[in-house]
Amino acid sequence: MIGNLPPLARLLGLPYFPVTPLFPWLGPLGAIPLPSNWIIEFCPPVPTDTFPARETGAGRDSCDPSVSCLADTVRDTIQRKLDELVAERGPAFS
């Protein structure tokens, strides 16, 4: 899939309408996405016990540094796993 056509998807009552390299040249058959290899894996939970509990109340800033640090940890964990899985999977359309 190289794109999406939301107006056409709404017209047809679909959640999305994929634009593929073969659509519109092959008509509706060209709208069928090519098969691809997928690996789905769940990572272990990110430990949060080392982060201080967030206080609630009017005196606190809405941006807590520990929340940013936790978000960075989660993002890094996911990215590391994605890099591993892409290397394991190989080419997407093989």
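Preceding block: the structure.
Residues numbered from 1 in each chain as written. Predicted model: local features only at pLDDT ≥ 70, side-chain atom pairs only at ≥ 80, totals over all residues. Heavy atoms only, no water.

**Student:** What is the right way to read the overall build of the protein chain from this model?
**Tutor:** A tally of regular secondary structure across the protein chain gives two helices and two strands. Taken from N to C terminus, the helices and strands of the protein chain fall in the order β-α-β-α. Here the protein chain holds 94 residues, and the buried ones make up 15% of them. Put simply, of all contacts in the protein chain between residues at least 6 apart along the chain, 33% involve residues at least 24 apart. Within the structure as shown, the protein chain displays about 7,700 Å² of accessible surface, and the carbon and sulfur contribution to it stands at 65%. (Helix = DSSP H or I, 4+ residues; strand = E, 2+ residues; numbered from the N terminus. Buried < 20%, exposed > 50% of the residue type's maximum accessible area, 1.4 Å probe, protein only. Contact = heavy atoms within 4.5 Å. Areas by Shrake-Rupley, 256 points an atom, 1.4 Å probe, with all protein chains shown as cover.)

**Student:** Before we go on, may I ask you to explain a nonpolar patch on the surface in this structure?
**Tutor:** A cluster of nonpolar side chains, namely Leu22, Trp25, Leu26, Leu29 and Ile32, defines an oily patch on the protein surface of about 590 Å² accessible area. Within the secondary structure, Leu26 sits in the loop between β2 (18-19) and α2 (65-89). (Patch = residues over 30% accessible without salt bridge, like charges linked within 9 Å, V, L, I, M, F, W, Y side chains within 5 Å. Salt bridge = Lys/Arg side-chain N within 4 Å of Asp/Glu carboxyl O.)

**Student:** Which parts of the structure should I look at to understand the pattern of salt bridges?
**Tutor:** Opposite charge on two side chains allows them to pair when their charged atoms are near. Counted by the stated rule, this structure contains three salt bridges. Taking the shortest distance from any N to any O, the salt bridge between Lys81 and Glu41 comes out at 2.9 Å. Taken together, the residues Lys81 in helix α2 and Glu41 in the loop between β2 and α2 connect sequence positions 40 residues apart. For Lys81, a relative accessible area of 17% corresponds to the buried category. For Glu41, a relative accessible area of 39% corresponds to the partly exposed category. Beyond isolated ion pairs, a larger network of salt bridges with shared partners links Glu41, Lys81 and Glu84.

**Student:** In this structure, what is going on with the environment of Thr20? I would like to understand it.
**Tutor:** Take Thr20: it is sitting in the loop between β2 and α2. We classify Thr20 as buried; its relative accessible area is 5%. With 18 residues separating them along the chain, Thr20 and Ile2 place their C-alpha atoms 5.5 Å apart.

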